[in-house]
Amino acid sequence: MSEKIYLYPVWIRIWHWINALLFLLLIVTGLSMQYSSPNYTMIRFDIAVSFHNVTGFILIFNYIFFIIANWKSRNFRYYKCHVLGCSTRLQKQFRYYLYGIFKNEKAPFPISEDRKFNPLQKLSYLIAMYLLMPVMIITGLALIVPEVNIHNVFGISGIHLTDLLHITSGFVLSVFMIVHIYFCTIGKTATSNFKSMIDGWH
Ligand code: HEM
């Protein structure tokens, strides 16, 4: 028997799809800037910079909205990781993805009203939303206002380090997005999780 649970309220869905769209735009404009050369540009450099900056600012407002709404609503409870037994839970979920799922075993942490995410989802969402996003946002802002960067860090240009952190966090988040989309296809059917993020019901 399968029971319908309302897991994704409207605010999460609106935040999520705006975030996903902005992310794609940031990747395209970011890559275009990264690999631009006088001979070839995917998007004209100055246009890519302006577009990247404006999109980045909208992403920041959307992110602040997520942090406040996630904290004010009870949704943050789904992100809380308990350290005790964490490694065992992660291993169980890993084992399921590597082996159990192909043997038609039951999921070790089935979704319920009290548990929206399995331990691996929880950890990856926590790292993406509360570590990588702030790093990417803060370094992005620091690149817009270069004066705020430390000039020299042990002989290395501060702005280069900020840039490196920005690109690395952006890259890891892009990889997260690809892996995230892949894991979203592992639902009841390949599209059921995507439908849930559209109508709110699991
Ligand atoms: C085209 C790109 C994307 C697609 C198709 C997509 C798809 C989905 C789907 C189907 C879910 C619901 C299943 C689940 O809970 O795991 C979900 C949840 C989630 N996604 Fe994405 N996603 C995309 C991009 C992103 C990006 C770029 C981020 C963050 C940087 C992100 C962060 C999240 C988070 C935090 C949740 C859980 C939200 C909550 O219920 O609290 N997603 N995504």
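Summary of the structure given here. (Residues numbered from 1 in each chain as written. Predicted model: local features only at pLDDT ≥ 70, side-chain atom pairs only at ≥ 80, totals over all residues.)

Quick look at the overall build of the chain
Each helix and strand in the chain was counted, giving six helices and two strands. Listing every helix and strand of the chain by position from the N terminus yields α-α-α-α-β-β-α-α. C-alpha atoms of the chain, sized along the principal axes, occupy 60 × 35 × 35 Å. When burial is assessed residue by residue, the chain has 11% of its 202 residues classed as buried. In the chain, 64% of the contacts between residues at least 6 apart in sequence involve partners at least 24 apart. (Helix = DSSP H or I, 4+ residues; strand = E, 2+ residues; numbered from the N terminus. Buried ≥ 20, exposed ≤ 12 C-beta atoms within 10 Å, placed from the backbone. Contact = placed C-beta atoms within 7 Å.)

Points about helix 2 (residues 45-72)
Helix length check: helix 2 (28 residues) gives 40 Å between terminal C-alpha atoms against 40 Å at 1.5 Å per residue, within 8%. Three or more residues of helix 2 are buried, namely Ala48, His52, Gly56 and Leu59. Residues of helix 2 that are buried make contact with helix 1 (10-34) and helix 4 (119-144). (Expected span 1.5 Å × (residues − 1).)

Structural notes on the site of the ligand
The full set close to the ligand counts 21 residues, and Ala20, Phe23, Cys184, Asn193 and Met197 are the nearest of them. Residue assignment for the shell around the ligand shows that the elements contributing at least two residues are helix 1, helix 4, helix 5 (158-184) and helix 6 (192-199). When its residues are assigned to classes, the shell around the ligand shows 13 nonpolar, seven polar and one charged. (Near = placed C-beta within 6 Å. Nonpolar A, V, L, I, M, F, W, Y, C, P; charged D, E, K, R; others polar.)

Structural notes on the environment of Thr41
Looking at the secondary structure, you find Thr41 in the loop between helix 1 and helix 2. In this view, Thr41 contacts Ser32 and Ser36; residues no more than four positions away in its chain are not counted.

A word on the packing of helix 1 against helix 2
At their nearest, the axes of helix 1 and helix 2 sit 9 Å apart, and the two run at 155° to each other. Regarding the angle of helix 1 to helix 2, the classification is roughly antiparallel. Considering how the two elements wind past one another, helix 1 and helix 2 form a crossing that is left-handed. The residue inventory of the contact of helix 1 with helix 2, partitioned by class, reads 16 nonpolar, eight polar and no charged. (Axes fitted to C-alpha atoms, helices over the stretch in contact; angles between N-to-C directions. Parallel < 35°, antiparallel > 145°, perpendicular 65-115°, else oblique. Left-handed = near helix turned anticlockwise from the far one by under 90°.)

Side note on unusual backbone geometry
The phi dihedral of Asn104 is positive, around 65°, even though this residue is not glycine. Examined against the element boundaries, Asn104 turns out to sit in the loop between helix 3 (86-98) and helix 4. A positive phi angle, near 50°, is found at Phe154, a position not held by glycine. With respect to the element layout, Phe154 can be found in the loop between strand 1 (152-153) and strand 2 (156-157). On the neighbour-count criterion, Phe154 (5 C-beta atoms within 10 Å) is exposed.

Side note on the packing of helix 2 against helix 4
Where helix 2 contacts helix 4, the two axes come as close as 11 Å, and the packing angle between them is 140°. In terms of orientation, helix 2 lies oblique with respect to helix 4. Seen along the crossing, helix 2 lies across helix 4 with a hand that is left-handed. Here Asn53, Gly56, Ile60 and Tyr63 of helix 2 lie close against helix 4, whose contacting residues are Met133, Ile137, Gly140 and Ile144. Here the residues of the contact of helix 2 with helix 4 sort into five nonpolar, three polar and no charged.

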